[in-house]
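Below are the chains, spelled out letter by letter.
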Amino acid sequence: MSKTALITGASSGFGAACARAFADQGWKLVLAARRREALEQLKEELGGDSRVFCITLDVRDREAVSAAFASLPAQFADIDLLLNNAGLALGLGPAHQASLDDWETMVDTNIKGVMYCTRAILPGMVARNRGHVINIGSVAGSWPYPGGNVYGASKAFVQQFSRNLRADLLGTAVRVTNIEPGMAETEFSKVRFKGEDEKAHRVYAGTEPLQGEDIAEIVAWVASVPQRVNINSVEVMSVCQAWGPLAVHRG
Ligand code: NDP
Ligand code: 8X3
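Note that the structure is predicted; figures quoted are calculated from it, not measured.

## Let's talk about the nonpolar core
As a rule of thumb, nonpolar side chains are buried together in soluble globular proteins.
Right, so step 1: Among the nonpolar cores identified, the biggest contains 61 residues, and Ile7, Cys18, Leu31 and Val219 are the most heavily contacted of them.
Right, so step 2: Considering every element that reaches this core, the biggest residue donor is helix α4 (residues 100–128), with eight residues.
Right, so step 3: In this structure Ile7 touches Gly15, Cys18, Ala19, Leu29, Leu31, Ala32, Leu83 and Asn85, once residues within four positions along its chain are discounted.

Structure below.
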């Protein structure tokens, strides 16, 4: 019997690439995001109604998340894998100039959205004693950088939430993994710079960043290892990226 993966943020980037990777392996898919048209296109590409169910969903909406996940059609209702991928960065300015609205949007999406989706799906996984929650964190959750302020802090939440979930789930067969990618070329920078394409392109200029397919390959691998194995986290960067020295200001 084919398994079912629920992917948030499936309308572009990592989420869409992961949907393609799981579809290739015969999984059924529940795809969620705000942009319905992109989800419908992906559904057609990946096998139509019998293989894919689309939900137009804003993960910040607690009631909408619980209502949508509680009313999945029977053939998609038993979720084997939840990929908490929906997320975003907004802005790259210093904290004292950043927009509080942007900060709230990141907290509501990257933190609360992950909480709402996980809390809605987890009871079924525990009851079936089967399932895997894969969260998309970031290197920004471990390594600070100027302008990372609330974005990085939100991904630090995802990292520790992932570990704490696994602590709670000890004794069950439900697995939890945090994937922590570095710079990857998706719509991420276009969103971060609010549609300023020039700024977004500059992020990747002269580099060979990670691609959505690279993350999808890792996510599919993490899901495919023997059931006794829980991969706690995977930190992954392009070879064009590495850490720098600690900064020192000299007056
Ligand atoms: P994209 O912008 O390409 O994809 C983000 C996805 O999240 C879209 O499908 C978007 O769909 C969805 N999304 C955003 N806000 C909401 C919301 N409120 N409700 C539902 N869906 C939402 O970027 P990536 O693929 O790069 O990002 C995916 C994840 O990877 C994010 O969590 C990001 O923080 C993380 N990440 C990205 C890195 C990178 O360098 N690209 C590196 C490390 C982590 P829609 O707009 O249709 O709602
Ligand atoms: C996205 C990677 O380095 O832009 O999470 O924060 S980074």
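## What about the sheet that holds strand β6 (residues 175–181)?
Right, so step 1: The strand order β3-β2-β1-β4-β5-β6-β9 describes an open sheet built from seven strands, whose pairing is parallel. Both edges of this open sheet fall to β3 (52–56) and β9 (233–236), since each of them pairs with a single strand only. Neighbour-to-neighbour, the strand axes of the sheet open up by a mean angle of 15°, direction not taken into account.
Right, so step 2: Bridging between strand β1 (residues 4–8) and strand β4 (residues 81–84) involves three bridges; their strand directions are parallel. Pairing of Ala5 across the sheet is with Leu81, part of β4.
Right, so step 3: Sitting on the sheet, α4 touches β1, β4 and β5 (132–136), and the angle it makes with β4 is about 175°.

## Considering the site of ligand 1
Right, so step 1: The environment of ligand 1 is made up of 29 residues, and the closest members are Gly9, Gly13, Arg34, Arg35 and Gly87.
Right, so step 2: Within the residue set of the shell around ligand 1, elements represented by two or more residues are α1 (13–24) and α6 (188–192).
Right, so step 3: With three residues, α1 is the largest single contributor of residues to the shell around ligand 1.
Right, so step 4: Considering only residue class, the shell around ligand 1 consists of 13 nonpolar, eleven polar and five charged.

## Describing the confidence of the model for the protein chain
The predicted coordinates of low-pLDDT regions are not to be read in fine detail.
Right, so step 1: The share of residues in the protein chain with pLDDT of 70 or more is 100%, and the mean pLDDT across the chain is 98.
Right, so step 2: For this predicted complex, the interface score ipTM comes out at 0.99, alongside a pTM of 0.99.

## Digging into the UniProt feature "domain: Ketoreductase" (unreviewed entry) in the protein chain
Right, so step 1: The UniProt entry lists residues 3–186 under the feature "domain: Ketoreductase" (unreviewed entry), expressed in the numbering used here.
Right, so step 2: As annotated, residues 3–186 has a helix share of 44% and a strand share of 18%, and its two end C-alpha atoms lie 27 Å apart.

## Let's talk about the pairing of β5
Right, so step 1: Of all the five residues making up β5, five are buried; the element is thus mostly covered by neighbouring parts of the structure.
Right, so step 2: Across the two faces of β5 the burial is the same, with His132, Ile134 and Ile136 and Val133 and Asn135 all buried.
Right, so step 3: With four bridges joining them, β4 and β5 adopt parallel strand pairing. In the strand pairing of β5, Leu81 is matched with His132.
Right, so step 4: Pairing of β5 with β6, which is carried by five bridges, proceeds in the parallel orientation. Considered in β6, the bridge of Asn135 is made with Asn178.
Right, so step 5: Assessed by its sense of winding, the connection that carries the chain from β5 through helix α5 (residues 149–169) to β6 is right-handed.

## Quick notes on unusual backbone geometry
Right, so step 1: A positive phi angle is found at Asn129, which is not glycine, with a value near 50°.
Right, so step 2: Its place among the elements puts Asn129 in the loop between α4 and β5.
Right, so step 3: Asn129 sits in the exposed class, given 10 other C-beta atoms within 10 Å.
Right, so step 4: Phi at Lys194 is positive, roughly 55°, even though this residue is not glycine.
Right, so step 5: One can find Lys194 in the loop between α6 and α7 (197–204).
Right, so step 6: Judged by the 11 C-beta atoms lying within 10 Å of it, Lys194 falls in the exposed class.

## Structural notes on the packing of α4 against α5
A pair of packed helices can be characterised by two numbers: the angle between their axes and the separation between those axes.
Right, so step 1: One can describe the packing of α4 onto α5 by two numbers: an axis separation of 9 Å at closest approach and a directional angle of 10°. As summarised for this structure, α4 and α5 are arranged roughly parallel, according to the angle between their axes. Packed against α4, whose contacting residues are Trp103, Met106, Val107, Asn110, Ile111 and Val114, the element α5 presents Val150, Tyr151, Ser154, Lys155, Phe157, Val158 and Phe161 at the interface.

Rules and cut-offs
Along each chain, residue indices are assigned from 1 in the same order as the chain's sequence is written. Naming scheme: in the order in which they are written, chains are lettered from A and ligands are numbered from 1. In keeping with the predicted nature of the model, local features appear solely for residues at pLDDT of at least 70, side-chain atom pairs appear and are counted solely at 80 or more, and the whole-chain, interface and lining totals rest on all residues. Residues enter a nonpolar core if they are buried, belong to Ala, Val, Leu, Ile, Met, Phe, Trp, Tyr or Cys, and are joined to the set through C-beta atoms within 7 Å. In this scheme the burial state of a residue depends on its C-beta neighbours within 10 Å: 20 or more other such atoms mean buried, 12 or fewer mean exposed, and anything in between means partly exposed; the C-beta positions come from the backbone. The helix and strand labels rest on DSSP assignments: H or I over at least four residues marks a helix, E over at least two residues marks a strand, and numbering proceeds from the N terminus. Contacts are defined on C-beta atoms placed from the backbone: any two residues whose C-beta positions lie within 7 Å are in contact. Here, a strand pair is defined by DSSP locating no fewer than two bridges between the strands. The axes used here are C-alpha line fits, helices contributing only the stretch in contact, and every angle between their N-to-C directions lies in the interval 0 to 180 degrees. Whether a residue is near a molecule or strand depends on its C-beta atom, generated from backbone atoms, being within 6 Å of that molecule or strand. Only Asp, Glu, Lys and Arg are considered charged, only Ala, Val, Leu, Ile, Met, Phe, Trp, Tyr, Cys and Pro nonpolar, and every remaining residue, Gly among them, polar. As a per-residue measure, pLDDT tells how confident the predictor is, with possible values from 0 to 100. UniProt positions are given in the numbering used here, feature names are shortened, and annotations may be inferred rather than shown by experiment. For a crossover, the right-handed case is the one in which the path from the first strand over the helix to the second runs clockwise, viewed with the strands pointing away from the viewer. Between 65 and 115 degrees an angle is taken as roughly perpendicular, under 35 as roughly parallel, over 145 as roughly antiparallel, and anywhere else as oblique.

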